[in-house]
Structures are given as C-alpha cells and as structure tokens.
Amino acid sequence: MFPHLKSARVNLQLLQEAACRQLVQQLTLIEGSKVIVLDDAMIGPLGLITKPKLFSDRGIRLLPLKPEIRVPKEIRNIIYILRPQVSLMETLVTQVKANMLNGRQFHLYFVPRLSCLCIKQLENKDVLTAFGRIDELPWNFFPLEYDVVSMEMPHSYREVTIEGDFSCLFQAATGLVQLQRLYGRIPKIYGKGVQAQLVWEKAKQLAIDEKTLYNADRGAIDQLILLDRGIDLMSTLATQLTYEGLIDEFYGIRQNQLSLPGEHFSSYNAADMANDYGTGVQERLLATSDRKLIMLHSGEHLYSELRNRNFNEVRNVLARKVREIQLHMSVSREDQSVQEIKVLVERLPQLMKLKEATSVHTTIAELIDRQIKVDSFGEDLVAEQDYMNCEDIDRPSAYIDDLIARRTDLRTVLRLICMQCAAGSGFKERVLTHYKRELVHVYGLEVLLTLRHLEKAGLIRLQTESRAYAVLRKTLRLTLEGNPEINPTDISYVHSFYAPLTARLVEHSLRPLGWQTLKSQITNLPGPTFEDFQVQLIGIGGRHAAAAGSKGDGYMLHSRRVVLVFIVGGITFAEIAALRFLAAQEDNNVEFLIASTKIINKHTFLDSLMSS
C-alpha cells in the first residue's frame, strides 16, 4: 500500500499493515451503512495507516469532528476515531445528541488507548449508553518513512515536564514492546535521561509480562539508543538549515504533507491536485480550492535526493536537474536511429515526471530563498550561532534587549533567551532577573506564566557549577568551523557548523567501546546514564524477526547493524538528516530506525510549551 516504507531489514510496511488490519477487523464487526468521524489530531495519522480507497470501496464517508456536522438519516452507524482527550468529549456529546435517531448506533475507538476519564465524562453527560462499541486501536507508532516512525504526540514533552502527566511515557514503552513483537527482541539497550529511563523500565516490565511471546529467532534490531529530549534542548531551538528542515520551519510538514498557496505554482489546478501527487485522508478532509497539497516522502526520488542536504547545496542540485532535462529534451531527432528514438519514447514519462517534480521543488526553494533573505532571519542566525560558540553568554544580550525594545514576536525573543540559557547551562541570577524585568515591562504580566512553563520544562533555569554544554562543545566537537555545506564531511552541516548533541552521541556510540567511553563524558548532562541487555529468558521474539537469521551466522557477521534511535520528547528533521548522514558512511556499517514522540521544530516545540 505504501512502497516507500519498505526496507530490507526492518520493513515498516509490516507495522502499517498490522494497523490497517486492526481497523478493517473493527469495521467488519459493524454491520450496516457507516461514516467515520475523526478529530483534527487523527486526520493526518489515519492517512499514514491506510488510503481513502479502503473507505470508498466500503461506501464509508469520512467527516471531521465538528459540532455542526449533521449525518444523513440513512446512515445507521457513526464511528468515532479520537485521541483520548477529555477536551474532545464536549464536542462529541454535542454531535451525538444532534444525530440521535431510532435504530442508529454510535461506536467509539480511542487511539492508542482507552481513557477512563473520557468514558466517565460521557457517562456524566448521559450519552454513554448510546455507544454500541467502545474500544481502542493500539496504534502506538505511525510509519512516516522506511526509517522513521512517530507516535504523533506533539505535546509529550510538555505533558511530562509541565503537567506531570506520564501517560505518554507509558505509551512509548508500549510502542517499544509492539516493535519487538513485530521485529524481534533488541539485545542491547543504551540510554540517557530521566524520561528515557522511565520508558525503558516500563518497557522491560511489559516484556517480562509477555515472556510467553519469546522464541529463539534473532531480532532484526541489534541495538536501542534511548535519549531524553531534555539532555539536548539546544538542537530543538536551533534553526535547521537542511532543505526538509527549512520547509518544516517556514511552512510546516504534517504527516508527510506540505500545503502551500496554489498561486505559486504556474500549472496548478485544484481539480487535478490529487492526480499530481496522490491523495490521502488529509486531502479529502482539509483540502481547499486555493491550496496545493504536496506529498513529501522517499517515494518521490527527487525529494529523497534533496531533503537531507544543506539548502545551499539544494540550489546546485536543482540547477543540475534542469540542465539534464533540457539536454534530453533538446536532442535532435534527425540523426537518431529508430532504436534510439524508441528508447527516448520509453523514457519520456519518466522525464516528464522528473520535470514536474523539479518545477515543484524549484518553486518551494524560491519561497524558502525569499524567507532567508529577510534581514531578521540572518540577524537571528548570527545571534544563535554566537550562543552556540558560548560567546557573551554570561551577561544580557544586547541583541535580545533590542528585540524586546522593538516588541518583536515573543516566541522569537524567548527562543534566543532559551538558547543563551542552554549554552551557559543556566543563567546567573542577575541576568535572569534582567530578562524577566524587561519582558514584563514590554509584554505584560501574563508573560510570567509563560516563563514559569519554560522554567518547569528546563529551558530557563539558574546556573549551577556544571557547564555541561561548554565542556561537551569541545570534547565532542559540537561546533566545527570549516565543514563544507556542499559535499560535507561531518554532521555539523545540518546547522552549518553545529552538530546536534543527540546525533553526536549516537555517532560516538558506534565506535568500539563507544558507549563505555561516552559514559564518563556525559555525566554532567541531566538524568541517569543506563545500559541493559535483554537475555533470552525475559526477551521478546518476533514472528517477523529478521529473515536474515535463517541465512546463517556468516550473513549476520557481515550485514549492517540496525540501531533503533528513540528520542523521547521529539526530534527535528536536522537530527534525522544527521543520522542518515552517519548511516551513509560505509565505515559505520549501520542502518538506523529513527523513532520519536513527534517530529518537531523550534516553533512547534516552543508553542507547545508556551500555550496556557
């Protein structure tokens, strides 16, 4: 169904197909005409599980969860697929009461787990008896790419650090068990951070409880590296300079989809939109006549080639593609033989597809180019790179003070303050007091609540004796001058000269005795450093555990290691690009499966923490 998910060792199509089967089984149990109602948070993720054809073949309509929605009288079953959020129950109750008819049944499925609080809310509103089925769809991970899975939980870091709600960590642990059930036991586990350790301890306990699943098959995943987002806040706040990262920061990539105004595309036709890049659940429910929805995943070869590159290199690649297309299209036909013309005709559909893709990505690149040429972008970038280099971090920044005086967007100001704080491993008390006073004076008293949230999340804090970032910047070479952005030799190209700490930790762990060496270097980072080894007595074997295991030990000895990197609290596209860069280096002999609670950027991460 989704060819771009297929991989040799860890085939994520299995994960997608398992989730799709669960949905089909539930739909089969419900007899009669149906509609499915989705809340906003489920519209995109459902498109990662199945295509609209599954519903259209069964005559099932998809509707968004809105109070004003009225379902046609001939529909006998209304099926709700929702996130377990109490805030949605009021809308659900309103819609149920407005659509009650004799003989009509309501059914409710929570993703990924049942919620007693939500059910109690329905009971208090006297609508619980209207539901024929209340169940859960245990979709813990949604496959985005052949090497990326996401829990699609954008507020997980906030829930744990600010609200004290650890349910997302339990869900992450359940997801790890699910992955091992599909792909086999993971023998080696290394991790850093409080949240990471909580996830692993719970996952290990769940694995013991499910020890009957064990068999002797070798797992497809050789190692798990579990990291807490809180150990590297700098990388979430830094401006990403890869093509995919900049697209996400300026326009937002949602479940592999980009929405842009159609006016930017000369050949844009709203009626033909689905024919250009395929169609999905999100297009069906959210598409408007003036927007172009573009699918962004490795199924499109040009995007796969561009996405992990520094934006300065993308221009060159697009220019080369244009020249190649012009060369093929302008070849004289008079001197060609019949055989040569036949070959060209056979290649023509492929050339036209490449031409269309090149046109789309040239337009996207032009839009990004306009954004980065704005003076404020360059000025902010210079400031944040100064902080990354630990310059002027022990006193109030004149640049930040100037931004505050000009009443610049609060999110921009707070991001730079948080970056300065991360570089200094905290603020001196006089510096923190200065910023608070200036912020309150300009933005009002309500900014204190936002600052309190950032303090709880660890983004703003007082300085301690430990200067973890300044030390690691040198010992782990987090900043690297002279690394070329075109044909780079180090992962620091993703931020031009800064290497994400998470990716650098993974890089060092790949070396012989790498984690043992790292342990002494990262003691100053927050949270415990841990390691574990799953023995067969309590392990989990997978029915899809590596088919490679049947090929003999010699095969496994020479095959590439598969390392699952799971960052709890969110991961950026720049970090993903850095890990893919490491996997592309032959000396590392490694493949990565990248997992996180959500793909984030500097804007979405701060927004989730700043909201009241």
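Under an unreviewed UniProt entry, the protein chain has the name Car and belongs to Drosophila busckii. The protein chain has a UniProt comment under Sequence similarities (unreviewed entry) that states "Belongs to the STXBP/unc-18/SEC1 family."

Enquirer: Can you break down the nonpolar core residue by residue, with the values?
Expert: Among the nonpolar cores identified, the biggest contains 133 residues, and Ile81, Trp139, Leu439, Leu459 and Phe592 are the most heavily contacted of them. Ignoring sequence-local partners within four residues, the contact set of Leu459 consists of Tyr157, Leu233, Leu237, Cys418, Cys421, Leu454, Phe605, Leu606 and Leu609.

Enquirer: Give me the side chain of Ser509: which residues, what numbers.
Expert: Its location among the elements puts Ser509 in helix H22 (residues 501–509). Among residues more than four places away in sequence, those in contact with Ser509 are Gln223, Ile225, Gly514, Trp515 and Leu518.

Enquirer: Account for the packing of aromatic side chains, naming residues and giving values.
Expert: The full count for this structure, using the stated rule, is 14 aromatic pairs. Judged by centre distance (6.3 Å) and plane angle (90°), the rings of Tyr190 and Phe533 are edge-to-face. With Tyr190 in strand E8 (residues 188–192) and Phe533 in strand E13 (residues 529–533), the pair connects residues that are 343 residues apart, well separated along the chain. Judged by relative accessible area, which is 11%, Tyr190 ranks as buried. The aromatic ring of Phe2 is capped on one face by Lys51, whose charged end is 5.4 Å from the ring centroid. If you follow Lys292 out to its NZ or CZ, it ends over the ring of Phe265, 5.5 Å from the centre.

Enquirer: Before we move on, can you summarise the sheet that holds strand E12 (residues 291–295) with the specific residues and values?
Expert: Backbone-to-backbone hydrogen bonds join strands into a sheet, with any given pair of strands oriented parallel or antiparallel. Strand order in the open sheet formed by three strands is E10-E11-E12, with antiparallel pairing between adjacent strands. Each edge of the open sheet is held by one strand with a lone partner, namely strand E10 (253–254) and E12.

Enquirer: Describe the pairing of strand E14 (residues 561–568), naming the residues involved and giving the relevant values.
Expert: By the criterion of burial, E14 is predominantly enclosed, with seven of the eight residues buried. Both strand E9 (residues 223–228) and E14 contribute to a ladder of six bridges, which runs parallel. Across the sheet, residue Leu227 finds its bridge partner in E14, namely Ile567. For the handedness criterion, the β-α-β arrangement of E14, helix H25 (residues 573–584) and strand E15 (residues 590–596) is classed as right-handed.

Enquirer: Lay out the UniProt feature "transmembrane region" (unreviewed entry) in the protein chain in plain terms, naming residues and giving numbers.
Expert: The UniProt entry lists residues 562–583 under the feature "transmembrane region" (unreviewed entry), expressed in the numbering used here. Helix makes up 50% of residues 562–583 and strand 32%, and the two end C-alpha atoms of the span are 10 Å apart.

Enquirer: Hey, could you go over a nonpolar patch on the surface for me, with residue numbers and the actual values?
Expert: On the surface, Phe166, Val194 and Leu198 cluster together to form a nonpolar patch covering roughly 260 Å² of accessible area. Topologically, Val194 is positioned in helix H8 (residues 194–209).

Enquirer: Explain the environment of Ser466 to me, and be specific about the residues and the numbers.
Expert: Along the chain, Ser466 falls in the loop between helix H20 (447–456) and helix H21 (468–475). For the pair formed by Ser466 and Leu525, sequence separation is 59 residues and the distance between their alpha carbons is 8.9 Å. Among all residues touching Ser466, those that are not within four sequence positions of it are Ser425 and Asn524.

Rules and cut-offs
Residues numbered from 1 in each chain as written. Predicted model: local features only at pLDDT ≥ 70, side-chain atom pairs only at ≥ 80, totals over all residues. Heavy atoms only, no water. UniProt positions renumbered as here; feature names shortened; annotations may be inferred. Core = buried A, V, L, I, M, F, W, Y, C linked by side-chain atoms within 4.5 Å. Buried < 20%, exposed > 50% of the residue type's maximum accessible area, 1.4 Å probe, protein only. Contact = heavy atoms within 4.5 Å. Helix = DSSP H or I, 4+ residues; strand = E, 2+ residues; numbered from the N terminus. Phe/Tyr/Trp six-rings, centres within 6.5 Å; stacked < 30°, edge-to-face > 60°. Lys NZ or Arg CZ within 6 Å of the ring centre and 35° of its normal. Pairing = 2+ DSSP bridges. Right-handed = clockwise from strand over helix to strand, strands pointing away. Patch = residues over 30% accessible without salt bridge, like charges linked within 9 Å, V, L, I, M, F, W, Y side chains within 5 Å. Areas by Shrake-Rupley, 256 points an atom, 1.4 Å probe, with all protein chains shown as cover. Salt bridge = Lys/Arg side-chain N within 4 Å of Asp/Glu carboxyl O.

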